[in-house]
Number of protein chains: 2
Amino acid sequence: MNPTHRSHCPIAQTLDIVGDKWTLLILRDALVFKRKSFAEFEQSSENIPTSLLAERLKRLVENGFLEKIPYQDKPVRYHYVPTDKGKAVIPIIRAMKKFGETHLA
Amino acid sequence: MNPTHRSHCPIAQTLDIVGDKWTLLILRDALVFKRKSFAEFEQSSENIPTSLLAERLKRLVENGFLEKIPYQDKPVRYHYVPTDKGKAVIPIIRAMKKFGETHLA
DNA sequence: CTGGATCCTGATGGATACTG
DNA sequence: CAGTATCCATCAGGATCCAG
């Protein structure tokens, strides 16, 4: 994910952020299915363990793909909503969707 | 990449195959930079360990993305060349390239 | 010398239980 | 509901070894 930081190839840099099994699925849920709360992501994302969901959400916020917005006090609750940068991954998701539909299963 | 096999979402299925740090980089090298031999991939792919390169190449062949073609006897040597299915990931790579160029670094 | 296979060790993933 | 903590299994990464 951010290991032996690699080349300046834009593909490699993109993969350093979204190149794992869960991150793009979470982004799909946020961008396509409009999931917002932790619980919504948890139910939607193919049984992702909560520990990984929490870590991925945090990383997506840190990297500026999602914004953590409080929407209620007592107790405080948050929504995770895509930023412009987050919305910019839609073409990647679309490309994967098309590939999967025409070349897999 | 074929773990607790997930949903039938085409995105999830695509990620089960290319959702790691190296696979798409290898495909980039094959498709964009026309790498063919093991040595070419090894030098090109941002210092990938040989063990991982060997494993990923094997998996890409098994999954029908690359074809292993002998091009010389004594000693026998192989080229890894993209199949039609392999070529179909170009749009994904292009989408990542564009994203990386406009939104990272 | 090319094309890997093997081995070791630390990091990450994944499932479940637990807490504010 | 929204996460942490924990524990074990698996994988990544690097070095080295081996076969043709």
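Before reading further, recall that the structure is shown in the block above.
The structure contained in this document is the topic of the report that follows. Please read all numbers here as calculations on a predicted model, not as lab measurements.

## A closer look at the overall build of chain A
- When helices and strands are counted, chain A shows six helices and two strands.
- By principal-axis analysis of the C-alpha atoms, chain A measures approximately 45 × 35 × 25 Å.
- Within chain A, the proportion of its 105 residues that are buried is 47%.
- Put simply, chain A has 17 plus and 12 minus side-chain charges, and the middle of one group is 2 Å from the middle of the other.

## A few points about the relation of the copies chain A and chain B
- Overlay of chain A on chain B (RMSD 0.1 Å): rotation 180 degrees, translation along the axis 0.1 Å. The symmetry that links the two subunits is that of a two-fold axis. Nearest to the rotation axis, the C-alpha of A:Asp20 is located 2.4 Å from it, this being the minimum over chain A.
- Interface overlap between copies is the fraction of interface residues in one copy that are interface residues in the other; for chain A against chain B it reaches 97%, indicating a shared surface.

## Things to note about the environment of A:Val18
- Here A:Val18 lies in helix 1 (residues 10-18).
- A:Val18 sits 42 residues away from A:Leu60 along the chain, and the two C-alpha atoms are 9.2 Å apart.
- Once residues within four sequence positions are removed from consideration, A:Val18 is found in contact with A:Thr23, A:Leu24, A:Leu27 and B:Met96.

## Let's talk about the protein's contact with DNA strand C
- Every one of the 17 residues lining DNA strand C counts as a neighbour, but A:Lys21, A:Trp22, A:Arg56, B:Thr50 and B:Tyr80 are closest to it.
- Backbone atoms, meaning sugar and phosphate, form 80% of the atoms of DNA strand C found within 4 Å of the protein.
- A distance of 3.4 Å is found between a phosphate oxygen of DNA strand C and a backbone nitrogen or oxygen belonging to B:Ala39.
- A distance of 3.3 Å is found between a sugar or linking oxygen of DNA strand C and a side-chain nitrogen or oxygen belonging to B:Arg77.
- Of all the secondary-structure elements, those providing two or more residues to the surface near DNA strand C are helix 4 (50-62) of chain A together with helix 3 (38-44), helix 4 (50-62) and strand 2 (77-82) of chain B.
- For the surface near DNA strand C, the element with the most residues is helix 4 of chain A, which contributes four residues.
- Tallied by class, residues from the surface near DNA strand C come to seven nonpolar, six polar and four charged.

Reading the values: rules and limits
Residues numbered from 1 in each chain as written. Chains lettered and ligands numbered in written order. Predicted model: local features only at pLDDT ≥ 70, side-chain atom pairs only at ≥ 80, totals over all residues. Heavy atoms only, no water. Helix = DSSP H or I, 4+ residues; strand = E, 2+ residues; numbered from the N terminus. Buried < 20%, exposed > 50% of the residue type's maximum accessible area, 1.4 Å probe, protein only. Lys, Arg positive; Asp, Glu negative; His and termini not counted. Charge placed at Lys NZ, Arg CZ, Asp CG, Glu CD. Least-squares fit on C-alpha atoms with pLDDT ≥ 70 in both. Contact = heavy atoms within 4.5 Å. Near = heavy atom within 4 Å. Polar contact = N/O pair within 3.5 Å; in protein donor to acceptor, adjacent residues only side chain to side chain. Nonpolar A, V, L, I, M, F, W, Y, C, P; charged D, E, K, R; others polar.

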